[in-house]
Amino acid sequence: MNAHLATKPSRRSVFGEYAKPAHKSVSRMIGYSLTLLDRSAAEALAAVLAARLTRAERGFLANAALSSLDAADRQIVRDLTP
């Protein structure tokens, strides 16, 4: 038997092995929030983002999310922002 076939593959993904714990918790929370899609999920996500990410990281996510919208949808978000 070949030696490489006898070794058991790692159970952890590259992300799981090298990502910062804060980024992993944010990733899970984004998944939970997208599953629920309600105001309380959005508020909880905002709290986790504020607690776990730097200002630059939150800005990066916000920019990516806004960039994914078309012009009309971006304007709707701007109109909702206090």
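Further up the page is the structure itself.
The present account deals with the structure reproduced in this document. (Residues numbered from 1 in each chain as written. Predicted model: local features only at pLDDT ≥ 70, side-chain atom pairs only at ≥ 80, totals over all residues. Heavy atoms only, no water.)

When its volume is computed, the largest pocket comes out at roughly 490 Å³. In this structure, the largest pocket is lined by 13 residues; those nearest its centre are Ser33, Ala42, Leu45, Ala46 and Leu49. Its residues assigned to classes, the lining of the largest pocket comprises nine nonpolar, one polar and three charged. (1 Å grid on protein atoms, 1.4 Å probe; cavity = no way out; pocket = protein on both sides within 12 Å on 5 of 7 lines; lining within 4 Å. Points joined across faces, edges and corners; volume = space filled by probe spheres on them. Nonpolar A, V, L, I, M, F, W, Y, C, P; charged D, E, K, R; others polar.)

Two residues of an α-helix separated by three or four positions point the same way, owing to the 3.6 residues in each turn. Along its 16 residues, helix H3 (residues 21–36) runs 23 Å from first to last C-alpha, staying within 8% of the 22 Å computed at 1.5 Å per residue. When we look at burial in H3, the residues that qualify are Ser25, Val26, Met29 and Ser33. Down the axis of H3, the buried side of the element spans an arc of 100°, and every buried residue falls inside it. Within H3, the exposed residues directed more than 90 degrees away from the buried face are Leu34 and Thr35. Trailing H3 by a residue or two, leucine 37 shows a phi angle of about 50°, which is positive. (Helix = DSSP H or I, 4+ residues; strand = E, 2+ residues; numbered from the N terminus. Expected span 1.5 Å × (residues − 1). Buried < 20%, exposed > 50% of the residue type's maximum accessible area, 1.4 Å probe, protein only. Arc of directions from axis to C-beta.)

Before going further, it helps to spend a moment on the environment of glycine 31. Following the sequence through the fold, glycine 31 ends up in helix H3. Taking relative accessible area as the criterion, glycine 31 reaches 30% and is therefore assigned partly exposed. Taking the C-alpha atoms as reference points, glycine 31 and leucine 45, separated by 14 residues in sequence, lie 9.7 Å from one another.

It is worth spelling out the side chain of serine 33 at this point. Among the structural elements, serine 33 can be located in helix H3. Under the relative-accessibility criterion, serine 33 is labelled buried at 8%. Sequence-distant contacts of serine 33, that is, excluding residues within four places in its chain, are made with Ala41 and Leu45. (Contact = heavy atoms within 4.5 Å.)

Where a protein is soluble and globular, its nonpolar side chains tend to be buried together. Membership of the largest hydrophobic core is limited to five residues, which are Val26, Met29, Leu45, Leu49 and Leu53. At the level of secondary structure, the elements contributing two or more residues to this core comprise H3 and helix H4 (39–52). Not counting chain neighbours up to four residues away, the residues in contact with leucine 53 comprise His23, Val26, Val48, Arg58 and Leu61. (Core = buried A, V, L, I, M, F, W, Y, C linked by side-chain atoms within 4.5 Å.)

Turning our eyes to something else, we now look at the packing of H3 against H4. Close contact between H3 and H4 brings their axes to 9 Å; oriented N to C, the two are set at 170°. On the basis of their axis angle, the class for H3 and H4 is roughly antiparallel. Contact residues: H3 offers Ala22, Ser25, Val26, Met29, Ile30, Ser33 and Leu36, while H4 offers Ala41, Ala44, Leu45, Val48, Leu49 and Arg52. Among the residues forming the contact of H3 with H4, the class breakdown is ten nonpolar, two polar and one charged. (Axes fitted to C-alpha atoms, helices over the stretch in contact; angles between N-to-C directions. Parallel < 35°, antiparallel > 145°, perpendicular 65-115°, else oblique.)

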